[in-house]
Amino acid sequence: MASLLKVPLILLSAIAQQISFTAPNVPPSTEIIHQTFNEWVLSRHIVYGAIRQTIYWAFSLAEIATIASHATDSLSVIQSITQYAVGHRICDTPITFPFVLGTSLAVTGGLVRWWCFRTLGCFFTFQLSIRKGHSIVTTGPYAVIRHPSYTAGIIQIIGMVILHGSPTSWLRHSGILDVPGLKLVAVAWLAQMTILMINTVCRVSQEDEVLKSAFGDEWEKWAKVVRYRLVPGVY
């Protein structure tokens, strides 16, 4: 019964990552700023974002299917298929502290990202850009730190890694990674998310410079009030 309680939490983390990593607006090429190698790498993440999201959904739905198959004999065909694929039955896993922590961080990060999308409206783009009619937004999460969406994204990624990468997680403990090729897929997803976090941190300074150049005194006044970039009181 405890495992069934995982289902809505698994779905929440998957929905949060779908919303968080789906671009709310796509700017025209004339508004996009191309300057650094880091921006080129981030553009690749945007292009292949759908693949990353599909992988996350696939693992999430596979865990839900496993929970369902253990809860009812009517889905014993799922057990038979997985047993044939890996040579043993895929195990279910209980609710653990890493699962709760990872889900909490993933969902919280996703909600804050969504809040940032709503606050910036049409100005929020995954590409570094200055849009027509652009202005400095200083309300909502942008009254606390200058780059809250990046902080939220990093928190969400850490949550997803804890949720699916901890030793007690279903992905690592169930035996599903014994399916040929899945371990490579999981490692590729982890590597991409790690690179994405590094790219995000590296982008902070560049975005500040772009905004400072575009808005001058307006940005300076905001930066004096909102001093921290990612973590209040720290950085």
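Our subject in this report is the structure included herewith. (Residues numbered from 1 in each chain as written. Predicted model: local features only at pLDDT ≥ 70, side-chain atom pairs only at ≥ 80, totals over all residues. Heavy atoms only, no water.)

On to the packing of helix α1 (residues 6-20) against helix α6 (residues 148-165). A packed helix pair is summarised by two numbers, namely the angle formed by the two axes and the spacing between the axes. Axis separation between α1 and α6 bottoms out at 11 Å; the angle between their running directions is 145 degrees. In this structure, α1 crosses over α6, and the sense of that crossing is left-handed. Within the contact between the two elements, α1 uses Ser13, Ala16, Gln17 and Ser20 and α6 uses Gln156, Met160 and Leu163. Residue composition of the contact of α1 with α6, grouped by class: 3 nonpolar, 4 polar and no charged. (Axes fitted to C-alpha atoms, helices over the stretch in contact; angles between N-to-C directions. Helix = DSSP H or I, 4+ residues; strand = E, 2+ residues; numbered from the N terminus. Left-handed = near helix turned anticlockwise from the far one by under 90°. Contact = heavy atoms within 4.5 Å. Nonpolar A, V, L, I, M, F, W, Y, C, P; charged D, E, K, R; others polar.)

So, about the side chain of Asn25. As for its position among the elements, Asn25 is in the loop between α1 and α2 (37-47). A residue is classified by how much of its surface remains accessible, and Asn25, at 18% relative accessible area, is buried. Engagement of the side chain of Asn25 in a polar contact is seen with the backbone oxygen of Gly121, the distance being 2.9 Å. There is a polar contact of 3.0 Å between the side chain of Asn25 and the backbone oxygen of Phe124. With sequence-adjacent residues up to four places away left out, Asn25 is seen in contact with Gly121, Cys122, Phe124, Thr125, Phe126, Gln127 and Arg131. (Buried < 20%, exposed > 50% of the residue type's maximum accessible area, 1.4 Å probe, protein only. Polar contact = N/O pair within 3.5 Å; in protein donor to acceptor, adjacent residues only side chain to side chain.)

A separate point is the state of the cysteines. Summed over all chains, the structure comprises 0 disulfides. You can see Cys202 has no disulfide; the closest cysteine sulfur is in Cys116, sitting 20 Å from it. Residue class for Cys202 comes out partly exposed when judged on its relative accessible area of 47%. (Disulfide = S-S within 2.5 Å.)

Looking now at the layout of surface pockets. Each pocket or cavity is described by its volume, and for the largest pocket that value is around 740 Å³. Of all elements in the fold, only α2, α3 (49-71), α5 (97-120), α6 and α8 (182-215) reach the threshold of two or more residues within the lining of the largest pocket. Take the lining of the largest pocket: its biggest share by element is 7 residues, from α8. Tallied by class, residues from the lining of the largest pocket come to 23 nonpolar, 12 polar and 5 charged. (1 Å grid on protein atoms, 1.4 Å probe; cavity = no way out; pocket = protein on both sides within 12 Å on 5 of 7 lines; lining within 4 Å. Points joined across faces, edges and corners; volume = space filled by probe spheres on them.)

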